[in-house]
Amino acid sequence: RLVYYCLLELYKMGEFNVVDDVFFVGIPVSMRPGKWRKLRAVVSGRIVNGYLDSDWVLAFLYRYTEWGVTVAGLSEVQMPGIENVDLQGLGIAGHHDY
């Protein structure tokens, strides 16, 4: 989550294409397209969203603390330039396996 917010700060500073690649795993952040477009402007390489739809710990905590319904760590981010990887295919079964 820290990296996500640092990238947004770089965007505010006008720093574009300054980060090579970013890999998020189970990230508890919103899937609002506007925020992800800003990340895309800062990152020159790959942005990978590793998600696990069966991460019930993330689902409960994020929805409880942020009042959000959709969270990037639980599903695909539907935006060009964002790669989505279902972590279940890598043998990860839940939040404590990250």
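Residues numbered from 1 in each chain as written. Predicted model: local features only at pLDDT ≥ 70, side-chain atom pairs only at ≥ 80, totals over all residues. Heavy atoms only, no water.

Q: Break down the overall build of the protein for me, with residues and values.
A: Counting its regular elements, the protein contains three helices and three strands. In sequence order, the protein lays out its α and β elements as α-β-α-β-α-β. Here the C-alpha radius of gyration of the protein, 13 Å, is about what a compact globule of 98 residues would show, namely 13 Å. For the protein, the spread of C-alpha atoms along the three principal axes comes to 35 × 30 × 20 Å. The buried share of the protein, taken over its 98 residues, is 36%. (Helix = DSSP H or I, 4+ residues; strand = E, 2+ residues; numbered from the N terminus. Rg over C-alpha atoms; globule rule 2.2 N^0.38 Å. Buried < 20%, exposed > 50% of the residue type's maximum accessible area, 1.4 Å probe, protein only.)

Q: How would you summarise the pattern of salt bridges if you had to cite specific residues and measurements?
A: Under the counting rule described, the total for this entry stands at two salt bridges. Put simply, Lys12 and Glu9 hold a salt bridge, and the shortest N to O gap is 3.2 Å. Residue Lys12 and its partner Glu9 are both found in helix H1 (residues 2-12); the two are separated by three residues, about one turn of the helix. Of the residues examined, Lys12 reaches a relative accessible area of 66% and is grouped as exposed. (Salt bridge = Lys/Arg side-chain N within 4 Å of Asp/Glu carboxyl O.)

Q: Tell me about the sheet that holds strand E2 (residues 47-51), residues and numbers included.
A: Reading across the sheet, the three strands line up as E1-E2-E3 and stay open at both edges, with parallel pairing between neighbours. Of all the strands in the sheet, just strand E1 (22-25) and strand E3 (82-86) have a single pairing partner and so form its edges. With direction set aside, neighbouring strand axes in the sheet form an average angle of 20 degrees. As paired elements, E2 and E3 share five bridges and run parallel to each other. Paired with Tyr51 across the two strands is Asp86, which belongs to E3. In this fold helix H2 (residues 33-42) packs onto E1, E2 and E3, with an angle of close to 135 degrees to the strand it touches most, E2. (Pairing = 2+ DSSP bridges. Axes fitted to C-alpha atoms, helices over the stretch in contact; angles between N-to-C directions. Contact = heavy atoms within 4.5 Å.)

Q: Describe the packing of aromatic side chains, naming the residues involved and giving the relevant values.
A: One pass over the full model with this rule turns up five aromatic pairs. Between Tyr4 and Trp36 the ring centres are 5.9 Å apart and the planes differ by 55 degrees, which places this aromatic pair in the tilted class. Here Tyr4 is found in helix H1, whereas its partner Trp36 is found in helix H2, with 32 residues between them in sequence. Take Tyr4 and Trp36: they sit in the same class, and that class is buried. Each ring, one from Phe24 and one from Trp36, has its centre 5.9 Å from the other, and the planes form 85 degrees; the classification is edge-to-face. Within this pair, whereas Phe24 is found in strand E1, its partner Trp36 is found in helix H2, the two being separated by 12 residues in sequence. Accessibility classification places Phe24 together with Trp36 in one group, the buried group. Put simply, the rings of Tyr4, Tyr5, Phe24 and Trp36 pair up and form one aromatic cluster. (Phe/Tyr/Trp six-rings, centres within 6.5 Å; stacked < 30°, edge-to-face > 60°.)

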